[in-house]
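Breakdown of the fold
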Amino acid sequence: MSDLSKMDELMDSQRSVTDEDNSQHVIHDVSKTDLSDGKQETGTCASEKCDTTKDCVPTENTQDDVESQNLMDCGSACGLDESVPEGSRSNQAQTHSSNGQKSNRPNSPGPHPVESTCLTANTANTPNPKLTICLTLGPGKGVSESSDVEMLSPDSPVCDTKLTNNSADKDHDSSVCGEESGIGKAQVMESDLSVKDSDSGYSEKESVQLAAMGTQDVEVAECSGSSDMSQELTGSQSAGILENVMDKAWLGTPIDELNRMPQCAPPLTHLKVASNHTITVRTDRLREGELPVPHPNKFRDAWDDVSVKMPCSEKNLFPIETEDGGGVQSRWELIQTSLHRGFKSCLDVRDAILRYNTVHAKKWDFTALNLLCTEYLEDLEVQELFKTILPAMVDLALSAPRLCTMPIPLLKSQVNHSLTLSQEQIACLLANSFFCTFPRRNSRKSEYGNYPEINFYRLFEGSSTRKIEKLKTLLCYFRRVSKTKPKGLVTFTRQTLPNPPNWESSQTQLTRLHITCKGTIEDDGYGMLQVDFANRFVGGGVTGHGLVQEEIRFLINPELIISRLFTEALEANECLIITGTEQYSKYSGYAESYEWKESCKDETPRDDWQRICTEIVAIDALKFRHFLEQFLPEKMTRELNKAYCGFFRKNTNTKHLSAVATGNWGCGAFGGDTRLKALIQLMAAAEAGRDVAYFTFGDAQLMRDVHKIHTFLTERLVTVGRLYTLLNQYSSVVCKNCRTPRPDVSLYSYIHDKISSPATADAPDSAKDSGLSLVTSDSH
């Protein structure tokens, strides 16, 4: 089956949503994005029309699809050289972190540089092609696609896409889209001229010529679908001018003018233990470039309801049969014996894990692990895996009593608490997750029923290529940390919002906005507060079948996964903030098309606590079964409070806060409306004192609509309180009495009319003169 026919088939089954084994593993559906700046593209604009904005989850790849996915050719038999060629950083601008470290970040808003390795592949057309994972550093080959291509809302006109073979050896043709930006048909009206030239990138000449057009009919033959407000342009000169306007890949404030860490941050105070902050290393011996020293010196056991039950605990017992009847033995001793036997094949790994998990021997399935070793890796890679990588992982896992000496507190519901671990300690804990050693974590019926899964047993099951690619991504991480021990710290903070803002009385005005249909949160939003479109069980389906925005971020920054060990499910007024995780891999695609591409070296600078300056906030959106449900006042308020909880920082001067890097949070499979969610995040960020960098992931029409309403609101000095009132009015006046699945009057049109002429009645026709389409994209 060809890629295009497969996509057509996928689009016929829009609205289908694949759930994980239980409700907490709802998979956020995603749509492909069209990236430029040398990025490999697997979703491109095409003449074949398929609406990628519908809530659909691709079905699993057929064998033909697997064969067609070509990986990058390393040019050698996966050499282990981690050298980086001279000149690989020639275009990088050096900046300094607060502790004097250099950062090879670019001055331009493009993706930050990373040292990357190649991924070899046998490209021969064989029934079961060998895909070699070269888990080493080498010459970089381009930038992976976004993990944030998820939340394109239903019916939103967006660049039509097709699945293409993934290849780093050639650029995919996206000439159908203007400047490969995925920009779609747009409405150009007189009110568009209210956009400031400096924000939009329009030249003064273009603005004058556009004004001269008046209300001439306008139509742009681009790739994002038609609009009710689109009209036909006559005259080749005007068409050329309009094409220049429509080719803008970003609008608003230039991204380089927004705050980033560490430049915007004040000096950190000395890292010290507090009643609400557990630190598992010696802070007095924390040095740049040196391994943190675990604290205390000896393992301190804790088998209680407030701490993680560790596999090396003396109370971790295993039942055995004896001549006198039943008995018990140390499970940790059994784990050590089982893992020290060594591995010659994946069957040995299976047998070792099941030896101390006998109750699950008939349930756990290791098909994916077996396929990785027998069908997807070359012989040399298999030898490397069993002779080097897995033995190093065993040593890492069994070092738990030496490295993780302090009891790890559970980050429980409604309790503000921070936990700082070393990256080496996290690697040790994740190695234990891989070998499924954590006790009482394999059943929802245990005391950890309200916590995410942490043992990796579900990662090994099934024959989906998703699992294969996940395993490749994680083995890249384990190889890296086994070869070179990471020397930094990572902080996990559970934050609650006991007293949310009084939204109706807020006098805050909207802050600055940079909005773009290109780029990604993790690449272009470096140094900003990066939003994880989270499941309330953080990480979602990362250890299972899920493979979209949140899961992908947890895979390429695997230290995020350990938050699942100690973070209870998030409540409505809570978030999880993670500072200091490192990116180890680059990737392409999403869901069924996800592929691990190569290892990369994260060049992000570190702060004075030796944390990488990457701050990620996990906020979980509500899931809506019906479109109108999300406009209920209590639902909008809940989402406002959730976003604000993630964005605000107590007792921090707003000038020291980085911008929020976000996108279509809670849309896609969760049914959120992109325009409402964008407005909610703008309001929450403004109340928290942060600017916003918004990534629409290829939806150029959404980019223009959000920028237009933002410009309109800021020019008229509309407060967050006034906007909140208008949202509630829209709910009661338009949505409450709506007899159709979606209202006839769009949210943005309603707001525009009310602010422009508050004394007039709700007249849908008045929206025609606003420049905001009456039936805007995905909304109504």
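Structure first, text after, so check above.
Let us look at the structure shown here. Predicted model only: the values in this text are computed from it and were never measured.

A closer look at the pairing of strand S12 (residues 574–579)
Of all six residues in S12, six are buried; the element is thus mostly enclosed. The pairing of strand S9 (residues 489–496) with S12 spans six bridges and is classified as antiparallel. Note on S12: the bridge partner recorded for Gln 495 is Cys 575. Pairing between S12 and strand S15 (residues 615–620): four bridges, direction antiparallel. The residue of S15 that forms the bridge with Leu 576 is Ala 618.

Some points on the pattern of salt bridges
Per the counting criterion, the structure on display carries 25 salt bridges. The salt bridge involving Glu 447 is made with Lys 309; its shortest N-O contact spans 3.2 Å. Residue Glu 447 is located in the loop between helix H11 (423–434) and helix H12 (465–483), and its partner Lys 309 is located in the loop between strand S5 (277–279) and strand S6 (317–322); the two are separated by 138 residues in the primary sequence. A salt bridge links Arg 638 to Glu 639; the shortest N-O distance between them is 2.6 Å. Owing to a relative accessible area of 1%, Glu 639 belongs among the buried residues under this scheme. By sharing partners, the salt bridges in this structure join Asp 620, Arg 638, Glu 639, Lys 642 and Lys 677 into a single network.

Re the sheet that holds strand S16 (residues 660–662)
Pairing between the strands of a sheet comes from backbone hydrogen bonds, and it takes one of two forms, parallel or antiparallel. The ten strands are arranged S4-S10-S17-S16-S11-S15-S12-S9-S8-S5 in an open sheet whose pairing can be described as mixed. In the strand order of this sheet, the two ends are held by strand S4 (250–252) and S5, each with one partner. Here the strands of the sheet are splayed against their neighbours by 20° on average, with no regard to which way each runs. With six bridges connecting them, strand S11 (residues 529–534) and S15 associate as parallel partners. Within the sheet, the bridge partner assigned to Phe 533 lies in S15 and is Ile 619. Across the face of the sheet, helix H14 (residues 549–556) comes into contact with S11 and S15 while running at roughly 125° to S11. Lying on the sheet, helix H16 (residues 633–647) is in contact with S9, S11, S12, S15 and S16; it crosses S15 at an angle near 160°.

Regarding helix H8 (residues 367–376)
Every buried residue belonging to H8 is among Ala 368, Leu 369, Leu 372, Cys 373 and Tyr 376, and all of these are buried. Across the axial projection of H8, the buried residues extend over an arc of 135°, all falling on one side.

Considerations on the packing of aromatic side chains
Overall, the coordinates contain 18 aromatic pairs when judged by the stated rule. Seen in terms of ring centroids, Phe 434 and Phe 435 are 5.2 Å apart; in terms of plane orientation they differ by 85°. Their pairing is edge-to-face. The exposure class assigned to Phe 434 is buried, which follows from its relative accessible area of 3%. On the basis of relative accessible area, Phe 435 is assigned to the buried category, the value being 0%. Each residue in the set Phe 343, Phe 366, Phe 434, Phe 435, Phe 456, Phe 460, Tyr 477, Phe 478 and Tyr 584 is aromatic and connected to the rest through ring pairs, giving one cluster. The ring centre of Tyr 448 lies 4.3 Å from the NZ or CZ of Arg 441, which sits over that ring.

Calculation criteria
Residues numbered from 1 in each chain as written. Predicted model: local features only at pLDDT ≥ 70, side-chain atom pairs only at ≥ 80, totals over all residues. Heavy atoms only, no water. Buried < 20%, exposed > 50% of the residue type's maximum accessible area, 1.4 Å probe, protein only. Helix = DSSP H or I, 4+ residues; strand = E, 2+ residues; numbered from the N terminus. Pairing = 2+ DSSP bridges. Salt bridge = Lys/Arg side-chain N within 4 Å of Asp/Glu carboxyl O. Axes fitted to C-alpha atoms, helices over the stretch in contact; angles between N-to-C directions. Contact = heavy atoms within 4.5 Å. Arc of directions from axis to C-beta. Phe/Tyr/Trp six-rings, centres within 6.5 Å; stacked < 30°, edge-to-face > 60°. Lys NZ or Arg CZ within 6 Å of the ring centre and 35° of its normal.

Honestly, it's all geometry; don't read function into it.
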